[in-house]
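Residue strings, one per chain:
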Amino acid sequence: MPKPLDDLFSFLRFASISTDSRHAQDVRDCATWLLAKLNGMGLKAELHETARHPVVVARNSHQPGRKTVLIYGHYDVQPVDPLDLWHSDPFSPEIREGKIWARGATDNKGQMLAHVLGVEKTLREQADLPVNLIFLFEGEEEIGSPNLAPFLQAQRENLRCDVIAVSDTGMVAAGVPTMGYGLRGIACAEVTLRGPKGDLHSGIYGGAVANPATAIARLVASLHDPKGRIQVAGFYDDVRPLETWEREMWQKVPGVTDQDFLNVTGSPSVFGEESFSSAERVWARPTAEVNGIGGGYQGEGSKTVLPAQAFAKFSFRLVPDQDPKDVMEKVRSHFEKNCPAGVSIDIEIGHDGKPYLSDPHSPDGKAAQRALSKAFGREPVLIREGGSIPIIQTFREILHADTLLLGLALPDCQIHAPNENFPVANFEAGILLNQHLLNELAL
Ligand code: BES
Ligand code: MN
């Protein structure tokens, strides 16, 4: 097997699931492997402990007068369940149909290693890098990067840089180089509604006390009007309107027609806020999503039970200039005000992250676009991303540097889902992209 794929396969074999404490040692072993890889290619790498999973930092020897480029990635992955839907073991990578199949193949190990191997190849071919490089790799992105902001604060002198590059986002279609210049923010919460002190017979008590499952359905339904507009008071107050140049530019972006959304998602029709295209809805408009809902009997057949409690898990995707903490206060009041009679409400606020928006036409943005053109042989498209990487806006606030989002994921890479995969071609293009990127950023 060619050496780059060999490295990727080794990296993918670690079950570095950050959210699951049973995998803490796998996360650590993965960081240790990374440390050895980076030291082995002639960089000076260090492993830094945090309250939970380690951060790995590596650098070449810095020279005055050179641009300092920080490259960020994450070596942790999402859980694999439901395991029975995978066609091969998530941590025994395989190549089929020109794609690498494994958890983390795309998000983020494949994309992250393309950075590392692009640097390794440049070191081998040019004997030196044209820039001062800092690699910053964390093991907690998939749990909201709880320990990275304090780490950045503590290390902000050592991590001082001019620009940041990250491949942890998407391409609109195969072969279409894509630069992201925005990300949505996120705010999460979980609501539990409680009724009787224990599950009840729904015949003996049904009708006399409130049913928490009915109540949670009403609460969930209160978030949107029938047309999909969010009903939380003040929710849209700080939403920055789309710019005309963006809307015009996005109309020419391939891979994001309504038909494309239908093909990738398998939904019977698209649905969303009136007078916005599907791409605009995802890239530049906020949402309120239910990620999970439950309560009462989930087994086969029927059971006449009146459940004692019911819950729903929510996440809100945010756009500039919404602030996650401010939005969450508005959401909290909405839930309290709209809580149906007869149940008590418990709201647990989860993690959050700010939205990000930068100027794609900055000098570094243009350098990244030249690198994308050279690596893929065609002009890149410029998009915002619907997903979130909370640390990107924190980079701007603490390190005062903007981030170039050079995504390599395809719409059908199935990140976070069973059968995650990454085309070998994207991995190879990513390595080439990083070689061009260092040279173009140095100009
Ligand atoms: N790589 C993704 C984010 C992403 C994917 C951005 C595709 C754009 C396009 C990242 O690892 C991720 O999944 N982030 C989480 C946020 C986090 C706070 C759990 C997300 O977006 O749900
Ligand atoms: Mn992810």
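Residues numbered from 1 in each chain as written. Chains lettered and ligands numbered in written order. Predicted model: local features only at pLDDT ≥ 70, side-chain atom pairs only at ≥ 80, totals over all residues. Heavy atoms only, no water.

### What to know about the sheet that holds strand S9 (residues 185-194)
Move 1: With antiparallel pairing, four strands are arranged side by side in an open sheet as S11-S13-S9-S14. Taken across any chain shown, the strands that pair with only one partner, and hence form the sheet edges, are strand S11 (287-294) and strand S14 (344-353). When strand polarity is set aside, the average angle formed by the axes of neighbouring strands in this sheet is 20°.
Move 2: Summarising the sheet, S9 and S14 pair through eight bridges and their orientation is antiparallel. Paired with Ala-189 across the two strands is Ile-349, which belongs to S14.
Move 3: Against the sheet, helix H5 (residues 212-221) makes contact with S9, S11, strand S13 (309-318) and S14, and its axis sits at roughly 15° relative to S13, the strand it touches most.
Move 4: Each of S9, S13 and S14 touches helix H9 (residues 324-338); the most contacted strand, S14, lies at about 165° to it. (Pairing = 2+ DSSP bridges. Helix = DSSP H or I, 4+ residues; strand = E, 2+ residues; numbered from the N terminus. Axes fitted to C-alpha atoms, helices over the stretch in contact; angles between N-to-C directions. Contact = heavy atoms within 4.5 Å.)

### Some points on the layout of surface pockets
Sizing a probe to match a water molecule and rolling it over the atoms shows the empty space that remains.
Move 1: Of the pockets and cavities examined, the second largest pocket occupies roughly 260 Å³.
Move 2: Taken together, 16 residues line the second largest pocket, and the ones lying closest to its centre are Asp-352, Gly-353, Lys-354, Pro-390 and Thr-394.
Move 3: For the lining of the second largest pocket, the secondary structure elements donating two or more residues are helix H4 (148-154), H9, S14 and helix H11 (391-399).
Move 4: Partitioned by chemical class, the residues of the lining of the second largest pocket number six nonpolar, five polar and five charged.
Move 5: Residue assignment places the lining of the second largest pocket across two domains, with domain 1 (3-183 + 356-442) and domain 2 (185-239 + 286-353) each supplying three or more. (1 Å grid on protein atoms, 1.4 Å probe; cavity = no way out; pocket = protein on both sides within 12 Å on 5 of 7 lines; lining within 4 Å. Points joined across faces, edges and corners; volume = space filled by probe spheres on them. Nonpolar A, V, L, I, M, F, W, Y, C, P; charged D, E, K, R; others polar. Domains from an automatic or database assignment.)

### What about the site of ligand 1?
Move 1: Of all residues adjacent to ligand 1, which total 14 residues, the nearest are Glu-141, Asp-168, Arg-317, Ser-388 and His-416.
Move 2: At 3.2 Å from an oxygen atom of ligand 1 is found a side-chain nitrogen or oxygen belonging to His-74.
Move 3: In this structure, an oxygen atom belonging to ligand 1 sits 3.1 Å away from a side-chain N or O atom of Glu-142.
Move 4: Burial of ligand 1 by the protein chains amounts to 88% of its free accessible area of 520 Å².
Move 5: Its residues assigned to classes, the shell around ligand 1 comprises two nonpolar, six polar and six charged. (Near = heavy atom within 4 Å. Polar contact = N/O pair within 3.5 Å; in protein donor to acceptor, adjacent residues only side chain to side chain. Areas by Shrake-Rupley, 256 points an atom, 1.4 Å probe, with all protein chains shown as cover.)

### A look at the coordination of the manganese ion (ligand 2)
Move 1: Within the first shell, the manganese ion (ligand 2) binds the protein through Asp-107 (OD), Glu-142 (OE), Glu-142 (OE) and His-416 (NE2), at distances of 2.0 to 2.7 Å.
Move 2: Coordination at the manganese ion (ligand 2) comes from six donor atoms whose angles at the metal span 52 to 153°, giving a geometry best classed as irregular.
Move 3: For the manganese ion (ligand 2), the single-chain donor residues occur in sequence as D-x34-E-x273-H. Here Asp-107 is found in the loop between strand S5 (99-101) and helix H3 (109-126), whereas its partner His-416 is found in the loop between strand S17 (402-405) and strand S18 (421-423), with 309 residues between them in sequence.
Move 4: On the basis of relative accessible area, Asp-107 is assigned to the buried category, the value being 6%. (Donors = N, O, S within 2.8 Å, 3.2 Å for Na, K, Ca; no water. Tetrahedral: all angles 85-135°; square planar, octahedral: opposite > 155°, others 65-115°. Buried < 20%, exposed > 50% of the residue type's maximum accessible area, 1.4 Å probe, protein only.)

Taken by themselves, the reported measurements are silent on function.
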